[in-house]
Amino acid sequence: MSRPRVVITGVSGVTPLANDIDSTWKRLLSGESGIGPITAFDASAYPCRVAGEVKNFNPENYMPAKQARRMDRFTQLAVSAGRMLMDSSGLKITPENEYDVAVIMGVGLGGLHTIETWHKKLLESGPNKITPFMIPMLISNMGPGQISIFTGAKGPNIVTTTACASGIHAIGTAFDSILLGRAKSVISGGVESTITPLGVAGFTALKALSTHFNDEPTKASRPFDAKRDGFVMAEGAGLLLLEDLETAKARGATIIAELVGYGASADAWHMTAPHESGEGMAMAMTNAIRDAGIKPEEIGHINAHATSTHLNDLTETKAIKMAFGDHAKKIRISATKSMTGHLLGAAGGIETVFTALALRDCILPGTINLEFPDPECDLDYLSNGTVKHECEYAMCNSFGFGGTNASVILKKWRD
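Residues numbered from 1 in each chain as written. Predicted model: local features only at pLDDT ≥ 70, side-chain atom pairs only at ≥ 80, totals over all residues. Heavy atoms only, no water.

### Digging into the overall build of the protein
In step 1: Counting secondary structure elements, the protein contains 13 helices and 14 strands.
In step 2: Taken over C-alpha atoms, the radius of gyration comes to 20 Å for the protein, in line with the 22 Å a tight globule of 415 residues would show.
In step 3: Along the first, second and third principal axes, the C-alpha set of the protein runs to 65 × 55 × 40 Å.
In step 4: Here the protein, with 415 residues, has 62% of them falling under the buried criterion.
In step 5: Surface accessibility of the protein: about 16,200 Å² in total, with carbon and sulfur atoms responsible for 53%. (Helix = DSSP H or I, 4+ residues; strand = E, 2+ residues; numbered from the N terminus. Rg over C-alpha atoms; globule rule 2.2 N^0.38 Å. Buried < 20%, exposed > 50% of the residue type's maximum accessible area, 1.4 Å probe, protein only. Areas by Shrake-Rupley, 256 points an atom, 1.4 Å probe, with all protein chains shown as cover.)

Here you go:
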């Protein structure tokens, strides 16, 4: 018995490039950067003073002001992207289908803005001044929870929190839920907003952030480049509507791409560093290929995790070679974090959106700032900009702290 087919019938995004997915995609294909000086707080004393902030975002365009005030910024971004997703997909939730629509999202750190704001209030004014909304504002599952409240989706409501792999693990979990018949439609992807004093200080203490390009912020994120010195924190949301094919066809949905494979693995190695061999990353890719029932040689494009850290970029290069053998040299690889920065738990969501749009439009985003190629990173990273390229299958990778790895494979949709 063949398993159900799962298709993507809507995408949305709120990113450092733009507050909607169409503008984000246009700027990405133009090779523009959304990275700039940190404005969310005074970062003048910080070694890292650049980030990928969502600019000119007004949550009241998507929800009443009273409700917005009772949400952390990450939840505001999630609800905004969720409402745009419903508009783009044309899905109407009714009493007849409300229990068939799930919300399964990735969130890495949750309400860091809320934690910092109310901890300061606690120290200044004491425990009796803490708002009763503090806990509901900061918990990670309020991202999918509030989307469910706003849309009326009453199917499974789940958050995946697996560091920077959260978004793809959410998409994989949504995929499995449809295959198992637990949902017919799933709002999935990822959201994150942690550009705060504590968030930036914490990642700086790990020596994970770029600190050498404060005066040239658009050059700070440079995956696979020999002068890369760390990733650039970013915020935003990237969502997809996944549906079983029969449901999508029955409502006349426009299909963007098909989701055909999901793979995951663990390094079982280190809290923050990937296994130096790339074995765990390679296994996630191999598992996704096996799940899709295709050969490695059929993958034509990869949206790489490509954080712009020395160890990650080198290890992912090794992993791609391990998973694909000689075919690795023929794969066209995009590192879109060079333009968006690293959206942490939202990275896999927005990058899967980009992968779907690349298949739909037969065009692959380039990798900017690859000026001094690392000789050990020697694959085709599209350093010469956007290219027209049609392929049947594309992969998106995400890898996170704790050694957690995830990959998904999309297929070009053909009527």
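### Quick notes on the nonpolar core
Nonpolar side chains in soluble globular proteins tend to end up buried together.
In step 1: In terms of nonpolar packing, the biggest core is built from 48 residues, with Ile 8, Val 11, Leu 242 and Leu 259 touching the most fellow members.
In step 2: Take this core: its biggest share by element is 8 residues, from helix H13 (residues 347–361).
In step 3: Ignoring sequence-local partners within four residues, the contact set of Val 11 consists of Ile 21, Leu 85, Ser 88, Leu 239, Leu 240, Ile 256, Val 353 and Leu 357.
In step 4: Within the second largest apolar cluster, 29 residues are counted, among which are Val 260, Ala 292, Ile 302 and Ala 335. (Core = buried A, V, L, I, M, F, W, Y, C linked by side-chain atoms within 4.5 Å. Contact = heavy atoms within 4.5 Å.)

### Some points on the pattern of salt bridges
Two side chains with opposite charge may pair up if their charged atoms get near one another.
In step 1: For the coordinates displayed, the defined rule picks out 19 salt bridges.
In step 2: Note that Asp 374 is salt-bridged to Arg 228, the shortest N-O span being 3.1 Å. Here the residue Asp 374 occupies a position in the loop between strand E11 (363–364) and strand E12 (387–388), and Arg 228 occupies one in the loop between helix H8 (197–205) and strand E7 (236–244), the gap between them amounting to 146 residues.
In step 3: For Arg 251, the salt bridge is made with Glu 243, and the minimal N-O distance between the two is 2.7 Å.
In step 4: Of the residues examined, Arg 251 reaches a relative accessible area of 27% and is grouped as partly exposed.
In step 5: When salt bridges with common partners are traced through the structure, they connect Glu 216, Lys 219, Arg 222, Asp 225 and Glu 371 into a single cluster. (Salt bridge = Lys/Arg side-chain N within 4 Å of Asp/Glu carboxyl O.)

### Observations regarding the pairing of strand E6 (residues 185–192)
In step 1: Taken across its 8 residues, E6 has 8 buried, putting it largely inside the fold.
In step 2: Where burial is concerned, the two faces of E6 agree: the one with Ser 185, Ile 187, Gly 189 and Val 191 and the one with Val 186, Ser 188, Gly 190 and Glu 192 are both buried.
In step 3: With 7 bridges joining them, strand E4 (residues 101–107) and E6 adopt parallel strand pairing. If you follow Gly 106 over to E6, its bridge partner there is Gly 190.
In step 4: Summarising the sheet, E6 and E7 pair through 8 bridges and their orientation is antiparallel. Within the sheet, the bridge partner assigned to Glu 192 lies in E7 and is Gly 236. (Pairing = 2+ DSSP bridges.)

### Some remarks on the sheet that holds strand E13 (residues 393–400)
In step 1: Taking strand neighbours across the sheet as the criterion, the 10 strands line up as E5-E4-E6-E7-E1-E8-E14-E13-E9-E10 in an open arrangement whose pairing is mixed. Either end of the sheet is taken by a strand with one partner, and the two such strands are strand E5 (157–160) and strand E10 (332–334). When strand polarity is set aside, the average angle formed by the axes of neighbouring strands in this sheet is 25 degrees.
In step 2: Where strand E8 (residues 257–266) and strand E14 (residues 404–412) come together, 9 bridges link them in antiparallel fashion. (Axes fitted to C-alpha atoms, helices over the stretch in contact; angles between N-to-C directions.)

### Here we look at helix H3 (residues 73–89)
In step 1: Relative to the 24 Å expected for 17 residues at 1.5 Å per residue, H3 spans 24 Å between its end C-alpha atoms, a close match to the ideal helical length.
In step 2: You can read the cap of H3 off the contacts: a side-chain oxygen lies 3.1 Å from the backbone nitrogen of Phe 74, and it is on Asp 72.
In step 3: Phi turns positive, to about 75 degrees, at Gly 90, one or two residues after H3. (Expected span 1.5 Å × (residues − 1). Polar contact = N/O pair within 3.5 Å; in protein donor to acceptor, adjacent residues only side chain to side chain.)

### Details of the pairing of E13
In step 1: Of all the 8 residues making up E13, 8 are buried; the element is thus mostly covered by neighbouring parts of the structure.
In step 2: Here E13 shows two buried faces, one formed by Tyr 393, Met 395, Asn 397 and Phe 399 and the other by Ala 394, Cys 396, Ser 398 and Gly 400.
In step 3: Alignment of strand E9 (residues 299–303) against E13, held across 4 bridges, turns out to be parallel. By the bridge assignment for E13, Ile 302 is matched with Met 395.
In step 4: Counting the residues in the hairpin turn of E13 and E14 gives 3 residues, including Gly 402, whose phi is positive at 85 degrees.

### Quick word on helix H7 (residues 166–179)
In step 1: Taking 1.5 Å of rise per residue, 14 residues should cover 20 Å, and H7 covers 20 Å from first to last C-alpha, within 8% of that figure.
In step 2: Among the 14 residues of H7, 12 are classified as buried, and the element is accordingly described as predominantly covered.
In step 3: Those residues of H7 not exposed but buried are Ser 166, Gly 167, Ile 168, His 169, Ala 170, Ile 171, Gly 172, Ala 174, Phe 175, Ser 177, Ile 178 and Leu 179.

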